[in-house]
Each structure stands twice: as C-alpha cells, then as structure tokens.
Amino acid sequence: MSTEVGVLMGGRSAERDVSLVTGNSICSALLERDVDAVTVDTAGDWRSEMLRKKVDVAFIALHGRGGEDGTIQGALELMDIPYTGSGVLASALAMDKIQTKRILDACGIPTAPYVSMGPGDYDHEINMPFPVVVKPSREGSTIGISIVREKGTLKKAIRDAARHDPYVLIESFVPGEEYTVGILNGKPLAVVQIVTANGFYDYETKYVTGADEYRVPAPLDPEMTELVRSTGLETSHALRCSGAVRVDLRGQDGNFKVLEVNTIPGMTPTSLLPKSAQGMGIDFQSLVLEMLKTAGEGSK
Ligand SMILES: Nc1ncnc2c1ncn2[C@@H]1O[C@H](COP(=O)(O)OP(=O)(O)O)[C@@H](O)[C@H]1O
Ligand SMILES: [Mg+2]
C-alpha cells in the first residue's frame, strides 16, 4: 500500500494566502515525482478530512500561527501522524522573535540589540538610538513591522505591532545588506542576497513584485560566505530545528546579525528557500522530496 501524503495548507493565519501558494506548489511537485499527495486546508475540520483521505504522512505547508508555531505539530504527535520539518519546541521558539533572540544571545550567536515589551509596557521610554525596527514577536511576512526613524512615530509603530501580538520587539536597525540561508537536513545551502529598492523586504516585495534582484550565491568572499552559512547552521541547531529551515540575516563587513528563523519557509515562485537550494544544484522537486524524508524522524 502506498503512502498518502497530506499537504496541510491555508489555515486561518494572516499568511493564509501565501500558504495556499506554498501548499499547491509542494503538492504539484510531489505528484510530478509520483508521490501520492492530496491537499488539506486546515481552516476547516482538517482532522476528519485527513482520516477521510487516508493521509498517513503530513507535509506541513502552513505559515504563521496554528501552523508554524508548534500547535499543529503537537496535534500531529498526538495523532501519531509523522510530519515534515521541525518539532513542537523548535517551531514554537522560532515563531517567537523575542524568545528566539534570548536563545541566540545565550548561545553567543549575533543578533541586534533589542528591547521587548508586553501589555502594560507600551508607554515605557526606550534607551536606544534611532532608527529602530518594531515588530510583533509572533508574526511573519513583514506584517505589522515598521522602521522608526524618530521618537515621534515610535508609539504608533508599537500600537501597530501590538495589534498582531501583545508582545512587541524593538530592535536596532541593522545596516548593510539582506541575506538568507537555507538549511536542509542539517546542511547549509547557498547564501542568497536580496536586493530591494528601499532596503526593506516588505510583504509587497515578498509576494507581489519580487525583489529587484536575488543574488545566488551572494557576492561575498569565501570567508564571509562560510561565516553566514555557519551562523545559519548554528542558529538552526540552537533552536533544535529539523528538516528545511531558513535563517534571515542582515549586515556588512563580517558583522552579520540574525533577524529570525523560519521553520516553514515559503515555497512560492518568488520564495527564497528554493533559490538557496538551487544555488547548490538542488531543484524544486528534489528539495520537496528531501523535505518529505524528514517526516517521522525520531529526534525532533
Ligand atoms: N533590525 C532590522 N534592521 C533592518 N531591517 C530589518 C530589521 N528587522 C527586520 N528588518 C526588515 O524587515 C524584514 C522582515 O523582518 P523579519 O525579522 O525577517 O520578520 P518576518 O520576515 O517574519 O516578517 C526583513 O527582511 C528586513 O528587510
Ligand atoms: Mg523574515
């Protein structure tokens, strides 16, 4: 009897639309490589749908809350259904940018200086030079993020971020270029440099227009390339990630800061993980098959 892969996608997070594109791309790739696969939208009664469709392995293609944050992973553990990617702990940690920074700080992995705020703290004065970047701790796709250049607009940015998550991260602006590196089954892939007109990788750029340019491999000398790749790998180990992960960084002149970790990287036509894999000669379908191999690994 062959294995039926259920591609879990959609859901109810702010990144639902992106997840549907990611999920459909993954499902097509599996079918093209003769793997039996069906899609399951987790906005509905996905448990019954999985039973009805006789799904025995879950390929998680969800972004944001209820998919990338450990909750679906926990449900699948209890249902005894093997699933792709990171386990409960790594998923929950990586979803939360403040907790991620605390772990990375403890492990000596460079991140930008920051202040965290929770309910009741929003009016506290901060003692940080501008510009700063204000983000909801648990969100993605640049939703709720603003760059604040002067004190007068800080309160509004905090309120905007707090609409998405009561926990708000205020981080020093990291000058330099924007990079990302994929990690696949414990090995770093190629470093991608993202070039945008305004230097801010926002939602529109991510999914509508695409960046002005993606440089793969990034134009860094070999030593700097290895630094970014090893920082990405250490970051993924520090959070106990598995499967395919993408680590976002910014910086210049050997001073790179980790911005965040994506445990379910986008797999849309403009997405970065496929570019990072392509830089190592791994095509989209092969990447999807490698990701599928991580389902049911005992060490999550
Ligand atoms: N500290 C920072 N300095 C400069 N730019 C930042 C900083 N933090 C985030 N950004 C910009 O915002 C984008 C999204 O931030 P990120 O932390 O990766 O969150 P997410 O992708 O989960 O929304 C980054 O790709 C970058 O362009
Ligand atoms: Mg990011």
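Residues numbered from 1 in each chain as written. Chains lettered and ligands numbered in written order. Predicted model: local features only at pLDDT ≥ 70, side-chain atom pairs only at ≥ 80, totals over all residues. Heavy atoms only, no water.

Turning to the domain arrangement of the protein, a few remarks are in order. When its domains are assigned, the protein resolves into domain 1 (5–85), domain 2 (93–109 + 175–293) and domain 3 (114–172). Centre-to-centre separation of domain 2 and domain 3, based on C-alpha positions: 23 Å. With 14 residues of domain 2 at the interface, the matching set in domain 3 holds 16 residues. Carbon and sulfur atoms make up 58% of the surface buried where domain 2 meets domain 3, a total of about 1,400 Å² over both sides. (Domains from an automatic or database assignment. Contact = heavy atoms within 4.5 Å. Buried area = accessible area lost by both parts, 1.4 Å probe.)

With that settled, the discussion passes to the pattern of salt bridges. Summed over all chains, the structure comprises 15 salt bridges. In this structure, aspartate 283 engages arginine 33 in a salt bridge whose closest nitrogen and oxygen atoms are separated by 3.5 Å. Placement of aspartate 283 in the loop between α9 (272–278) and α10 (284–293) and of arginine 33 in the loop between α1 (16–32) and β2 (37–41) is noted, with a sequence separation of 250 residues between them. For lysine 135, the salt bridge is made with glutamate 171, and the minimal N-O distance between the two is 3.1 Å. Taken as a pair, lysine 135 in strand β5 (residues 132–136) and glutamate 171 in strand β7 (residues 168–172) lie far apart in primary sequence, 36 residues in all. Residue classification places lysine 135 among the buried residues on the basis of a relative accessible area of 5%. On the basis of relative accessibility, which here comes to 2%, the residue glutamate 171 falls in the buried class. Here the salt bridges share partners, and the residues they tie into one network are Lys101, Lys135 and Glu171. (Salt bridge = Lys/Arg side-chain N within 4 Å of Asp/Glu carboxyl O. Helix = DSSP H or I, 4+ residues; strand = E, 2+ residues; numbered from the N terminus. Buried < 20%, exposed > 50% of the residue type's maximum accessible area, 1.4 Å probe, protein only.)

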